[in-house]
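# Inside the fold
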Amino acid sequence: MSNQYEPIPLDEWISMHSEEDELRSLFLNLDLALKYIHEHGYCVEVFYPSVIEVLDNKPDHIRFRKLMELSKDSYRRREMIKEDIFNSTFIQIGIYSNSLKYLKPDFLKENFDSFIQFLPSEDVPYYRGVVQRGASVYFSEYANEKRNRDLTTLENQLGDNGGSSHQMIKSNGRFAGVEPITNDRINDSIYRQINGLNDSAFVHALIIPTVVFITLFLFALISWIVSCFI
């Protein structure tokens, strides 16, 4: 993976950033990195905070250090992705509640209601769905859908003010979140070794067509020269 960043272990970063909005932003980007990895055929082999890194102290630069390929079997592949999503959720709840060091998955499932007080209220349905109902939904997808619904509700509430208010709300920068949440540009750089953008792959893809072109050109040139003397 790229060596251009200064890494900070996730558990160390958390010790310096404990505000709820900071943590939520981090978790959204952690989820986006997870989704990106899955879309490129990999999953997380080791989900410990000590081997997950925040790069350059930027919460949108998340690097999972230990990856493994997803199974080719479709059922096993879905289960591996589902396990990653649960592990991500488990870590998030453990960090919010400051209990990660001694929290166990079974205990969390059986006592989820005891942890609600530590979680952002708007995200409780998501965490409950993953922990207690086995939902396999990315946190970023949930957050994006919720922002769309919140905007629709607000538009409906202000609908009596006429079309101008409706249009204003759609163009207001505060509601840019209706666009899909993504972090692909940054993850392209961080996960170069799995996204087909690594330097060796690029050079390999460039050299082969060039060699073929030169070979064909030389063959045509030699054929032309030979024909001139016949």
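Here, every reference points to the structure presented above.
Residues numbered from 1 in each chain as written. Predicted model: local features only at pLDDT ≥ 70, side-chain atom pairs only at ≥ 80, totals over all residues. Heavy atoms only, no water.

### As for the environment of K101
The condition that has to hold: Helix and strand labels come from DSSP, where a helix needs a run of H or I of at least four residues and a strand needs a run of E of at least two; each type is numbered from the N terminus.
Mapped onto the fold, K101 is located in the loop between α3 (74–96) and α4 (105–110). For K101 and I91, which are ten residues apart along the polypeptide, the C-alpha to C-alpha distance reads 9.8 Å.

### A few points about unusual backbone geometry
As a reminder, the rule being used: Exposure classes here rest on a 1.4 Å probe applied to the protein chains alone. A residue is buried below 20% of its type maximum, exposed above 50%, and partly exposed in between.
One non-glycine residue with positive phi stands out, namely N57, at about 60 degrees. Mapped onto the elements, N57 comes out in the loop between β3 (52–55) and β4 (62–64). The backbone phi angle of N98 is positive, close to 55 degrees, even though this residue is not glycine. Residue classification places N98 among the exposed residues on the basis of a relative accessible area of 66%.

### Description of the side chain of N29
In this structure, N29 sits in helix α2 (residues 20–39). Judged by relative accessible area, N29 falls into the buried class, the value being 11%.

### Some words on the packing of aromatic side chains
Defined as follows: Ring pairs are drawn from Phe, Tyr and Trp, using the six-membered ring of Trp, whenever the two centres fall within 6.5 Å, and their geometry is named by plane angle: stacked under 30 degrees, edge-to-face over 60, tilted for the rest. Look at NZ for Lys and CZ for Arg. If either is within 6 Å of the ring centre and within 35 degrees of the ring normal, a charge sits over the ring.
Counted according to the given criterion, the structure contains eleven aromatic pairs. For the ring pair Y36 and Y191, a centre distance of 6.1 Å and an interplane angle of 35 degrees mean the geometry is tilted. Here Y191 lies in the loop between α8 (184–190) and α9 (199–228) and Y36 lies in helix α2, a separation of 155 residues in the sequence. We note that Y36, like Y191, is buried. Judged by centre distance (6.3 Å) and plane angle (25 degrees), the rings of F86 and F90 are stacked. Of this pair, F86 and F90 both sit in helix α3, four residues apart, which is roughly one turn of that helix. On the basis of relative accessible area, F86 is assigned to the buried category, the value being 15%. Through pairs of rings, three or more aromatic residues link up here, namely F27, Y96, Y126, Y127, F139 and Y142. Directly above the ring of F86 sits K109, whose terminal nitrogen or CZ lies 5.1 Å from the centroid.

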